[in-house]
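Chain by chain, the residues:
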Amino acid sequence: MVKPTSTSPALPIAYAALRILIVMNWVFGAAILALLVVSPNRHWIMAAFKLSPSSDTEWLIWGMRGIAALGLIGIPLNYVVLTRLLAMVESVRAGDPFVAANASRLQAIAWALLGIQMLSITIGAIAHAVSSEAHPVHVDAGFSISGWLAVLLTFLLARVFAEGTLMRADLEGTV
């Protein structure tokens, strides 16, 4: 049972924003990869980040490279979230959001969000490990209660969509 196409003004905006974010995600991924492949030498990194020579500088540089490498893992995880959201927006625009595909999409988003949260904790731990008084490292990473709540909420919504789809199929079968 497909309803008429939705005319909400938010949907074209969401669609455009998600398309832009998908492109930006790949651009940032390419930038991180280029930075890692070019692998600037120690002196370049020290100058770029205004680091003074000390005994912990080498450890700090390896930590920063590790964080960048983990950032590459985040690119496909973000891609999963963004493309699944885009597909859900398209199904809402078509007037049929409560379908099994959207339940599966929400499940995939939840798993990707879980991966992103695990990456954030790992990145925060690396930053904490390489930070020193001489070279403090401040990154916006680590444990996030709102991030974990988003993971739980998305898993829950995926289940709600799956149950709603089954109920809808049962209802259509009885009519």
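Report on the accompanying structure. Treat the numbers as computed from the prediction; the structure is a model and nothing was measured.

The next subject is the packing of aromatic side chains. Two numbers describe a pair of aromatic rings. These are the distance of the centres and the angle of the planes. Enumeration according to the criterion identifies four aromatic pairs in this entry. Seen from their ring centres, Trp 26 and Tyr 79 are 5.2 Å apart, and the 55 degrees between their planes marks the pair as tilted. Of this pair, Trp 26 sits in helix α1 (residues 10-38) while Tyr 79 sits in helix α3 (residues 57-93), and the two are 53 residues apart along the sequence. Among the residues examined, Trp 26 registers a relative accessible area of 44% and is labelled partly exposed. According to the relative accessible area criterion, Tyr 79 is partly exposed, its value standing at 33%. Pairing Phe 143 with Trp 148 gives two aromatic rings, centres 6.5 Å apart and planes at 20 degrees, and the pair type is stacked. Taking relative accessible area as the criterion, Phe 143 reaches 60% and is therefore assigned exposed. Between Arg 65 and the ring centre of Trp 62, over which it is positioned, the NZ or CZ distance is 5.3 Å. Geometry around Tyr 15 places Arg 93 over its ring, the cationic atom sitting 4.8 Å from the centre.

Turning next to the nonpolar core. Judged by nonpolar contacts, Val 81, Met 88, Ala 103, Leu 106, Ile 109, Ala 112, Ala 158 and Phe 161 together constitute the single largest core of eight residues. Going through the elements one at a time, α3, α4 (100-130) and α5 (145-174) are the ones with two or more residues in this core. Looking at which element gives the most residues to this core, the answer is α4, with four residues.

Turning next to the environment of Ala 68. With respect to the secondary-structure elements, Ala 68 resides in helix α3. Expressed as a C-alpha distance, the spacing of Ala 68 and Leu 36, which sit 32 residues apart in the sequence, is 7.4 Å. Apart from the residues lying within four places of it in its own chain, the contact partners of Ala 68 are Ile 32 and Leu 36.

What counts and what doesn't
- Residues numbered from 1 in each chain as written.
- Predicted model: local features only at pLDDT ≥ 70, side-chain atom pairs only at ≥ 80, totals over all residues.
- Heavy atoms only, no water.
- Phe/Tyr/Trp six-rings, centres within 6.5 Å; stacked < 30°, edge-to-face > 60°.
- Helix = DSSP H or I, 4+ residues; strand = E, 2+ residues; numbered from the N terminus.
- Buried < 20%, exposed > 50% of the residue type's maximum accessible area, 1.4 Å probe, protein only.
- Lys NZ or Arg CZ within 6 Å of the ring centre and 35° of its normal.
- Core = buried A, V, L, I, M, F, W, Y, C linked by side-chain atoms within 4.5 Å.
- Contact = heavy atoms within 4.5 Å.

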